[in-house]
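Each chain is listed here by its residues.
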2 protein chains.
Amino acid sequence: MARKEVTDVRRVTCLGAGPIGGGWAAHFLARGYDVTVYMHDAGEEAALRRIIDTAWKCLEQIGLAPGATRDRLTCTTDLAKAVANADFVQESVPEVLAVKQAVYEQLGRLVPADVVIASSTSGLSMSDIQARCPTPERTVVAHPFNPPYLLPLVEMVGGKKTDPAALAWAADFYKHAGKAPLVMTREVPGFVATRLQEAVWREALHMIENGEATPEQIDIAMVNGPGPRWAFAGPCMTYHIGGGEGGMEYCLDVFGPALKFPWTRLVAPELTPELRKTLIDSSAEMAEGRSFSDLTEERDQGLVEIAKAWQKIGKFI
Amino acid sequence: MARKEVTDVRRVTCLGAGPIGGGWAAHFLARGYDVTVYMHDAGEEAALRRIIDTAWKCLEQIGLAPGATRDRLTCTTDLAKAVANADFVQESVPEVLAVKQAVYEQLGRLVPADVVIASSTSGLSMSDIQARCPTPERTVVAHPFNPPYLLPLVEMVGGKKTDPAALAWAADFYKHAGKAPLVMTREVPGFVATRLQEAVWREALHMIENGEATPEQIDIAMVNGPGPRWAFAGPCMTYHIGGGEGGMEYCLDVFGPALKFPWTRLVAPELTPELRKTLIDSSAEMAEGRSFSDLTEERDQGLVEIAKAWQKIGKFI
């Protein structure tokens, strides 16, 4: 299937005018695309425009692409018209499998065959969503993180009938459009980010349930401790830096035994030589030649920016 | 025990010249205190001054207290002299119980009886550390998060012989000195923040071990998804906002069933009416009357600041 170059995409159609669909619309408008939003009911337009106006105040501060304007938004309740000229379709209709399947059955006929259709679903599998779609090979999951106009993550995976080339094209497109695509090789319930988030949430619930911490203490701990570091470096790079000159390897040698400690209710896997090597090699790769002192300086500068932001707008508790 | 007012503290003594002791020294210097650092070997002074100089570049950007200067640092290898005039002692010697116990045995005699001695320990219990201390009632755990000059969290707890008044005084002092104290009512292994961090780390290790995600994907997911939100709002407030106008209650009603999903390897506790009520009440309290739209605006402004920081210094991957 010959597709447009990702740099040639001009028209993006967003299906659904709720917080996710509207958030996507704001993002694509800010990146300079012509955006069409399909909504079920014309009465949703006012709320959609409020979502976009709210987002726009943020997007202006971060910087708009040349030519980006809210005037390039079109709203319609005509699905065929909404997608007829689309270069890319982002679907964010309600999270109900029967609804999604019915929509994809129509989209499969209405959307030009070379155009990728991406679903914002957070919990359904593309194999299920695409089941009744006549052209399922160009349908992919592309799950954003809320709010989609501020958080870059897009977790991506195909369904059984998805063409891997469509998935790869969509990842390239998102990257070009200012997002951080994470392409998964298989459908994992909760993808990656939600799993990490849920791990924290479940441990927190256990602690609250057992009187070990109050909800307020949980939030104080996160915001003033691990949270700010995770805004710049993930768990692996955080430990790679935490290991000092010795990096991840030193960190695993020193803190490896702590995996046996009852520091959470989740038992850790065995730190096998293979797992150890994967962590050490990947961390070195992600460091891209930066020394411990380079990385520390970057981390500290990130935390300085957060401290300045706290002075400006405060924390939530 | 009559103690100084926390606002009258002038002289802080830091024991240990490593990254934690040095980080504390930088923090207290930046807040305008006279700081004495005790080190085992005078040869450590050069490395200590490098730690403080590095920290200072950050601290100047965030803003120094009036009169704060690195000239108010004194280094000594004489423990008695280091603590004789201290108004507060922050101990960060090596994490070896026998070493800490020997130090506290001496400190118990050398440090004026009305002065609180706080340990930076991340894993030992104060009940053990204070076992041989002749004046244990004023010894507390005060565990910082690295780097101590940028992350505000101080997790605090007493030992069996600790006077609760000493713990309360120390929490007030830290608050006055620009930190975010979290006072725990009992000794929980891993405190709160490390537990949340370990929950993420263990789930990540399982995912890597099982080929569900690479270390790089773990880091991409965190930095571009939940991480930036957690720099301003903890897990509870994040869901309180995620629930829209309905707040935490709506969120629990809609996403409560997801606690049964296999979204992490950690099984969640039962969402009992009591746990549900605790979460809802605490979230409302933390919101302090702010509406959904106030909170959303604050969250978004926080994420804008992080997006600007990313533009300036990048992410780690």
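Quick notes on the rules
Position numbers for residues count from 1 along each chain, tracking the sequence in the order it is written. Note on labels: chains are lettered from A, ligands numbered from 1, in written order. Side-chain atom pairs in this predicted model are given and counted only at pLDDT of 80 or more, local residue features only at pLDDT of at least 70, and totals for whole chains, interfaces and linings cover all residues. A helix here means a DSSP run of H or I that spans at least four residues, while a strand means a run of E at least two residues long, and both kinds are numbered starting from the N terminus. Throughout, the radius of gyration refers to the C-alpha atoms, and the reference size of a globule is 2.2 Å times the residue count to the power 0.38. Residue burial is a threshold on neighbouring C-beta atoms within 10 Å of the residue's own C-beta, all placed from the backbone, with 20 or more meaning buried, 12 or fewer meaning exposed, and counts in between meaning partly exposed. Here, residues touch in the contact sense if the C-beta positions derived from the backbone fall within 7 Å of one another. Strand pairing follows a simple DSSP-based rule, namely that at least 2 bridges must link the two strands. Axis lines are fitted to C-alpha atoms, over the contacting stretch for helices. Their N-to-C directions set the angle, which ranges from 0 to 180 degrees. The source of the domain bounds is an automatic or database domain assignment. Least-squares fitting of one copy onto the other uses the C-alpha atoms of those residues that reach a pLDDT of at least 70 in both copies. Crossover handedness is defined here as right-handed if the route from the first strand over the helix to the second strand goes clockwise, with the strands pointing away from the viewer. Expected span, for any helix, means 1.5 Å times one less than how many residues it has.

Caption draft 1: Representation of the overall build of chain A in the model. Along the backbone of chain A there are 13 helices and eight strands. What you see for chain A is a C-alpha radius of gyration of 22 Å, in line with the 20 Å of a compact globule of 317 residues. Across its three principal directions, the C-alpha atoms of chain A cover 60 × 45 × 45 Å. Buried residues in chain A amount to 52% of all 317 residues. A sequence separation of at least 24 residues applies to 68% of the contacts in chain A between residues at least 6 apart.

Caption draft 2: Inspection of the sheet that holds strand β2 (residues 34-38) of chain B at higher detail. Taken in spatial order, the eight strands of this open sheet run β3-β2-β1-β4-β5-β6-β7-β8 (chain B), and their pairing is mixed. One side of each edge strand has no neighbouring strand; the edge strands of this open sheet are β3 (73-76) and β8 (180-183) of chain B. Across the sheet, the axes of successive neighbouring strands diverge by a mean angle of 25 degrees, strand direction being ignored. Strand direction decides the pairing type here: strand β1 (residues 11-15) of chain B and strand β4 (residues 88-91) of chain B, joined by four bridges, are parallel. Bridging across to β4(B), B:Thr13 finds its partner in B:Val89. In the packing of helix α8 (residues 215-224) of chain A onto the sheet, contacts are made with β7 (153-158) and β8 of chain B, and the angle to β8(B) comes to roughly 145 degrees.

Caption draft 3: View of the domain arrangement of chain A. The assigned domain composition of chain A is domain 1 (6-183) and domain 2 (225-313). Computed from C-alpha atoms alone, the centre-to-centre distance between domain 1 of chain A and domain 2 of chain A is 34 Å.

Caption draft 4: Up close: the relation of the copies chain A and chain B. Taken as rigid bodies, chain A and chain B are interconverted by a rotation of 180 degrees and an axial shift of 0.0 Å, the fit giving an RMSD of 0.0 Å. Within this description, the copies of the chain are treated as partners about a two-fold rotation axis. Looking at the interface residues of chain A, 99% of them are also at the interface in chain B, so both copies use one shared face.

Caption draft 5: A look at the pairing of β4(B). Residues and elements named next belong to chain B. Burial of the side chains of β4 extends over both faces: Phe 88 and Gln 90 are buried on one face and Val 89 and Glu 91 on the other. Relative to strand β5 (residues 117-119), β4 is paired through three bridges, and the arrangement is parallel. When the sheet's bridge partners are listed, Glu 91 is paired in β5 with Ser 119. Taken together, β4, helix α4 (residues 97-110) and β5 constitute a β-α-β crossover, and its handedness is right-handed.

Caption draft 6: Region of the structure containing the environment of A:Gln90. Turning to its location among the elements, A:Gln90 is positioned in strand β4 (residues 88-91). Look past the residues within four positions of A:Gln90 in its chain and what remains in contact with it is A:Val12, A:Cys14, A:Trp24, A:Ala118 and A:Ser120.

Caption draft 7: View of the sheet that holds strand β8 (residues 180-183) of chain A. Pairing is mixed in the open sheet, where eight strands are placed in the order β3-β2-β1-β4-β5-β6-β7-β8 (chain A). Of all the strands in the sheet, the pair left with one neighbour each is β3 (73-76) and β8 of chain A. Taking the axes of each pair of neighbouring strands and ignoring which way they run, one obtains an average angle of 25 degrees across the sheet. Bridge count for strand β5 (residues 117-119) of chain A against strand β6 (residues 139-144) of chain A is three bridges, and the pairing is parallel. The residue bridging A:Ala118 from the neighbouring strand is A:Val140, located in β6(A). Packing of helix α8 (residues 215-224) of chain B onto the sheet brings it into contact with β7 (153-158) and β8 of chain A, and relative to β8(A) it is tilted by some 145 degrees.

Caption draft 8: Layout of helix α1 (residues 19-30) of chain A. All names here are of chain A. Taking 1.5 Å per residue, 12 residues should reach 16 Å; α1 reaches 16 Å between its end C-alpha atoms and fits that length. Counting buried positions along α1 yields 11 of 12 residues, so the element is predominantly enclosed. Positive backbone phi, approximately 90 degrees, marks Gly 32, located one or two places after α1.

Caption draft 9: Structural detail: the interface of chain A and chain B. On the chain B side, the residues contacting the 89 residues of chain A number 88 residues. At the level of elements, α2 (45-62), β8, α7 (193-209), α8, α9 (226-230), α10 (235-242), α12 (273-287) and α13 (292-313) of chain A are the ones that each hand at least two residues to the side of chain A that touches chain B. No other element matches the 17 residues that α7(A) contributes to the side of chain A that touches chain B.

Caption draft 10: Fine view of the environment of B:Trp230. Checked against the element boundaries, B:Trp230 lands in helix α9 (residues 226-230). Classification of B:Trp230 as buried rests on a count of 26 C-beta atoms within 10 Å. The spatial distance from the C-alpha of B:Trp230 to the C-alpha of B:Arg299 is 9.9 Å, given a sequence separation of 69 residues. Residue contacts for B:Trp230: discarding those within four places in its chain leaves A:Met222, A:Val223, A:Gly227 and A:Trp230.

Caption draft 11: Main features of α12(A). Taking 1.5 Å as the rise per residue, α12(A) with 15 residues should run 21 Å; its terminal C-alpha atoms sit 21 Å apart, in good agreement. Those residues of α12(A) that sit buried are A:Leu279, A:Ile280, A:Ser282, A:Ser283 and A:Met286. If you follow the buried residues of α12(A), they end up packed against α10 and α11 (247-255) of chain A together with α8 of chain B. Looking one or two residues beyond α12(A), the residue adopting positive phi is A:Glu288, at roughly 45 degrees.

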